[in-house]
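Read off the chains here:
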Amino acid sequence: MPQSNGYHAAGGACHEEVIKLTGVSFSYENQPVITNLNFSVQERDFVGLIGSNGAGKTTLLRMIVGLLKPAEGSVSLFGKPVSQFDQWEKIGYVPQKNAFNPLFPATVREVVLSGLYSRGKLFKRISKVDQIKCDDALHAMRIEDLAGKRIGMLSGGQQQRVFLARALINNPALLILDEPTVGIDTETQEGFFHMIRHMHKHHNITFLMVSHDMDRFRSYLGDEPAREAGKLKFYVRHSHDLENCVENNLTHSLRGLRHSMEDQAALQH
Amino acid sequence: MDILTTEFFQRALIGGVLIGITAPLLGLFLVLRRLAMIGDTLAHVSIAGVALGFVTGVYPIAVGLVFALAASFAIEKLRKAYKTYAELSIAIIMSGGVALASLLFSLGKGFSVNVTSYLFGSIYTLGNTDLVWIAAVTVVILASVGLQFKELFMMTFDEDAAAVNGLPARYFNLMMSVLTALVISVSIKIVGALLVSALLTIPAACSLIVARSFKQSVMLVVAIAEAAVIGGLLLAGVWNLAPGATVVLLLIAILILLLAVKNGRRV
C-alpha cells in the first residue's frame, strides 16, 4: 500500500495509470509502423523507449500526446481518453534539442514562461505567481543567470536545462523527453542523465524518454527490455523500486530539487 | 514641399502608418515559422481577385481578400500532398495567381484598369473607403495578436510543445492564414503586390540581427517599418519618386546598415 503523506489524500492511490495504450496500430501510407500495441505506464515509472530510425518512436510519442490519432485502438492519459483529456498542464514536454532555429529572438525567461501557456490561460495575462514559478524553475536548473540571454546563444547543455525548466514549470506529473541528448557532447549528457535520474528518484514524476541509444541508461533501467513490439523496445524501472509518494508540492518540489542535488553532489565529493 | 499638405498625401501617410504596424507584426510570425514566401504568394493571387473585382464591378480589395484566403487554404492542402516538397505548393499557387490575374485583366481591357498600380502600389490614390478598410484590418489584427500574444509566441517557437500544452494548433494556423490574407489585401494598394513581402519580411530580418527577446523584436519590427514608411513617403513626396519603391529600398538600406554595424562590432 502506498503511504500517505497528505498530498495524496484526495487521490488516494500512488499508482495511478498514467498512460494506457490499448490495441494501438498506426501506418504511414499502408506501411504498418505500430501494430496492436498494448502498454501501460504506472505512476512514477521510468520508461525508456528505444528504437532505430523509423521504428515508430516519434509516432508513438505523438499519439500519446494527441498530435496523431491511432488508426486502431485507444490511448488514455491519467484514465481519460486523449481526445477528452484536458489537464495538459500535468504533462511536461522536452523536445529534441535541435528543434528550434538558433536565431530565434527569445530569451531564456520567455521560453521557460511559455511552459505555462495552455488553453486555460488563453486571454489571461502573465501573473506575479507565474513569474515566481519561472524563477523557481530557473533556479532548479541553475540557469537563473542566463534568464535574460537569447536562447540561441547558449551551449547545447544549457539549452537542455532551459527546456527542462520549461517542462518543469507546471510541476508536471508526467515528463516526456523526445531524444533529449541528440547533438550534445558526452560529458554534458552524463550530467543531464544524472539530473534526470535524481528527479525520478526523489520527485513524484513519471518519465517517458525516447531515444535511439539508451546505453547510458542501462545501469538504471536494466539490460533486458520489459517489452518489445516490432522494432520498439520498452525499458522500465517500476516505481515500487523506490520510496513511495514523495511530496508533490510545486514550489517545494522545484526548490527542493536543486538543494537535494547539491546535497548529493556534496556527498559524492 | 507643397505635396505634404495635400489631402491625398495625408491619406497616404495615415494608410502607410497603419500598414507599418500590422504588416511587419504578422511578418515576424511568418518569418519565424519559415513561411516568409507565403506573403508573396498570397499577394500574387490577391491580384487576380483585384482584377476580378474590376471586371465585375465589386470593391477590388474585398475580392482580393477572398482570393488570398482561398489561396492560403489551397497552400495548406498542397503542402500536405507534397509533404517533403512543401515549397512546391507556393510556386504552383503563385504562378496560378499571376496567370489568372493577367487573364482577367485582359478581359477587362475596356475598363481601363491600371495594372501597374496594383503591381507596384498606388498609395496616393487611397480613398476614404480604403482607409476605413485598412483601419478595420488594423484593429482586427492588433486585437487578435494582442490578446493571444503569448500563445502565438509559443506556437511560433515550438509548435509541438504548444500542442502538448493543449493549445489548438489548427485554430492558430487558421487565424494566422486569415490575418495574413487580411493584411496583404490592404497592403496591395500601398506597396503593390510585387513589394508586399518586403513590408512583411525585411523588418523581421532586421530584428533577427539585433533583438535579444521576443518582445524586443516585436517593437523593433514596428519601429523599423514605421521609419521606412514615413521616411520613404516623405522622400518620395519631396523628390517625386515612386512611394512604394522608396519605402522598400529604405527598408533594405536599414537592413544593410544593421548588418554592417553588427559585422563592424564583431571585427
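Computed from a prediction, not measured in an experiment: that's the story for all the values here.

1. Examining the overall build of chain B
Move 1: Counting its secondary structure elements, chain B contains 12 helices and zero strands.
Move 2: Scanning chain B from its N terminus toward the C terminus, one meets helices and strands in the order α-α-α-α-α-α-α-α-α-α-α-α.
Move 3: Nonlocal contacts in chain B, meaning residues at least 24 apart in sequence, comprise 75% of its contacts between residues at least 6 apart.
Move 4: Only carbon and sulfur atoms are counted for the fraction: they give 71% of the accessible area of chain B, which is about 11,500 Å².

2. Looking at the packing of helix α2 (residues 36–56) of chain B against helix α9 (residues 169–191) of chain B
Helices that pack against each other are described as a pair by the angle of their axes relative to one another and the distance between those axes.
Residue and element names in this part refer to chain B.
Move 1: Their axes nearest at 9 Å, the elements α2 and α9 cross at an angle of 60°. One finds that α2 runs oblique with respect to α9. For the element pair α2 and α9, the recorded crossing hand is right-handed. Residue-level contacts link Ile 38, Gly 39, Leu 42, Ala 43, Ser 46 and Ile 47 of α2 to Thr 180, Ala 181, Ile 184, Ser 185 and Ile 188 of α9.
Move 2: The residue makeup of the contact of α2 with α9, split by class, is seven nonpolar, four polar and no charged.

3. Some thoughts on the packing of helix α1 (residues 7–32) of chain B against helix α10 (residues 196–210) of chain B
All names here are of chain B.
Move 1: Where α1 meets α10, the closest approach of the two axes is 7 Å, and the angle between their N-to-C directions is 65°. As summarised for this structure, α1 and α10 are arranged roughly perpendicular, according to the angle between their axes. You can see that α1 and α10 cross each other, and the crossing is right-handed. In this structure, α1 uses Ile 19, Ala 23, Pro 24, Gly 27, Leu 28, Val 31 and Leu 32 to contact α10, whose residues at the interface are Leu 199, Leu 200, Thr 201, Pro 203, Ala 204, Ser 207 and Leu 208.
Move 2: Among the residues making up the contact of α1 with α10, the classes are represented as 11 nonpolar, three polar and no charged.

4. Here we look at the packing of aromatic side chains
Move 1: Across all of its chains, the model carries 19 aromatic pairs over all chains by this definition.
Move 2: Considering the side-chain rings of Phe 8 of chain B and Tyr 124 of chain B, the 5.3 Å spacing of their centres and the 70° angle between planes classify their relative orientation as edge-to-face. Placement of the pair is Phe 8 of chain B in helix α1 and Tyr 124 of chain B in the loop between α5 (115–119) and α6 (128–147), with a sequence separation of 116 residues.
Move 3: Classification of Phe 8 of chain B as partly exposed rests on a relative accessible area of 31%.
Move 4: The class for Tyr 124 of chain B is partly exposed, based on a relative accessible area of 22%.
Move 5: An aromatic cluster is defined as three or more aromatic residues linked by ring pairs; in this entry it consists of Phe 104 and Phe 163 of chain A together with Phe 29, Phe 149, Phe 153, Phe 157 and Phe 214 of chain B.
Move 6: Positioned over the ring face of Tyr 220 of chain A is Arg 237 of chain A, at 4.3 Å from the centre of the ring.

5. Thoughts on the UniProt feature "transmembrane region" (unreviewed entry) in chain B
All names here are of chain B.
Move 1: Within the UniProt annotation, "transmembrane region" (unreviewed entry) is assigned to residues 12–32, 44–73, 85–111, 131–149, 170–188, 194–211, 218–239 and 245–261.
Move 2: Structurally, residues 131–149 is divided into 95% helix and 0% strand, and its ends, taken at the C-alpha atoms, are 26 Å apart.
Move 3: Between the end C-alpha atoms of residues 218–239 the distance is 32 Å, and the span holds 100% helix and 0% strand.

6. Description of unusual backbone geometry
Move 1: A positive phi angle, near 55°, is found at Arg 142 of chain A, a position not held by glycine.
Move 2: Examined against the element boundaries, Arg 142 of chain A turns out to sit in the loop between α3 (128–140) and α4 (156–168).
Move 3: At Arg 34 of chain B, a residue that is not glycine, the phi angle is positive and equals roughly 60°.
Move 4: As for its placement among the helices and strands, Arg 34 of chain B is situated in the loop between α1 and α2.
Move 5: Looking at Arg 34 of chain B, the relative accessible area reads 65%, which means it is exposed.

7. Observations regarding a positive patch on the surface
Move 1: Residues Lys 69 of chain A together with Lys 77, Lys 80 and Arg 170 of chain B make up a contiguous surface patch of positive charge.
Move 2: By the element assignment, Lys 69 of chain A lies in the loop between α1 (57–64) and β4 (72–77).

Scoring rules and cut-offs
- Along each chain, numbering runs from 1 in the same order as the chain's sequence is written.
- Here the convention is simple: chains get letters from A, ligands get numbers from 1, in the order in which they are written.
- Where totals are concerned, whole chains, interfaces and linings use all residues; where local detail is concerned, this predicted model gives features only for residues with pLDDT of at least 70, and gives and counts side-chain atom pairs only at 80 or more.
- Just so you know, side-chain values use all the structure's heavy atoms and leave hydrogens and water out.
- Numbering goes from the N terminus for both helices and strands, where a helix is a DSSP run of H or I of at least four residues and a strand is a run of E of at least two.
- Working rule for contacts: check all heavy atoms of both residues, and any pair within 4.5 Å makes them a contact.
- Shrake-Rupley sampling with a 1.4 Å probe provides the accessible areas, and residues are treated as covered by the protein chains on show and by no other component.
- Note on geometry: axes are C-alpha line fits, over the in-contact stretch for helices, and angles between N-to-C directions span 0 to 180 degrees.
- For classification purposes, angles smaller than 35 degrees are called roughly parallel, those larger than 145 roughly antiparallel, those between 65 and 115 roughly perpendicular, and all remaining angles oblique.
- Take the far helix as the reference: if the near one is turned anticlockwise from it by less than a right angle, the crossing is left-handed, and if turned clockwise, right-handed.
- Gly counts as polar in this scheme, as do all residues outside two lists: the nonpolar Ala, Val, Leu, Ile, Met, Phe, Trp, Tyr, Cys and Pro, and the charged Asp, Glu, Lys and Arg.
- Here the aromatic set is Phe, Tyr and Trp, taking the six-membered ring for Trp, and pairing holds for ring centres within 6.5 Å; pairs whose planes are under 30 degrees apart are stacked, those over 60 apart are edge-to-face, and all others are tilted.
- For every residue, the accessible area obtained with a 1.4 Å probe (protein chains only) is divided by the maximum for its type, and the residue is called buried under 20%, exposed over 50%, and partly exposed between those limits.
- Charge-over-ring contacts are defined here by two conditions on Lys NZ or Arg CZ: a distance within 6 Å of the ring centre and an angle within 35 degrees of the ring normal.
- UniProt positions are given in the numbering used here, feature names are shortened, and annotations may be inferred rather than shown by experiment.
- Patch definition: residues with relative accessible area over 30% and no salt bridge; like charges joined within 9 Å; nonpolar side chains (Val, Leu, Ile, Met, Phe, Trp, Tyr) joined within 5 Å.
- In the sections that follow, a salt bridge refers to a side-chain nitrogen of Lys or Arg positioned within 4 Å of a carboxyl oxygen of Asp or Glu.
- Asp and Glu are treated as the negative residues and Lys and Arg as the positive ones, with His and the ends of the chain left uncounted.
- Where a charge lies is defined by one atom per residue type: Lys uses NZ, Arg uses CZ, Asp uses CG and Glu uses CD.

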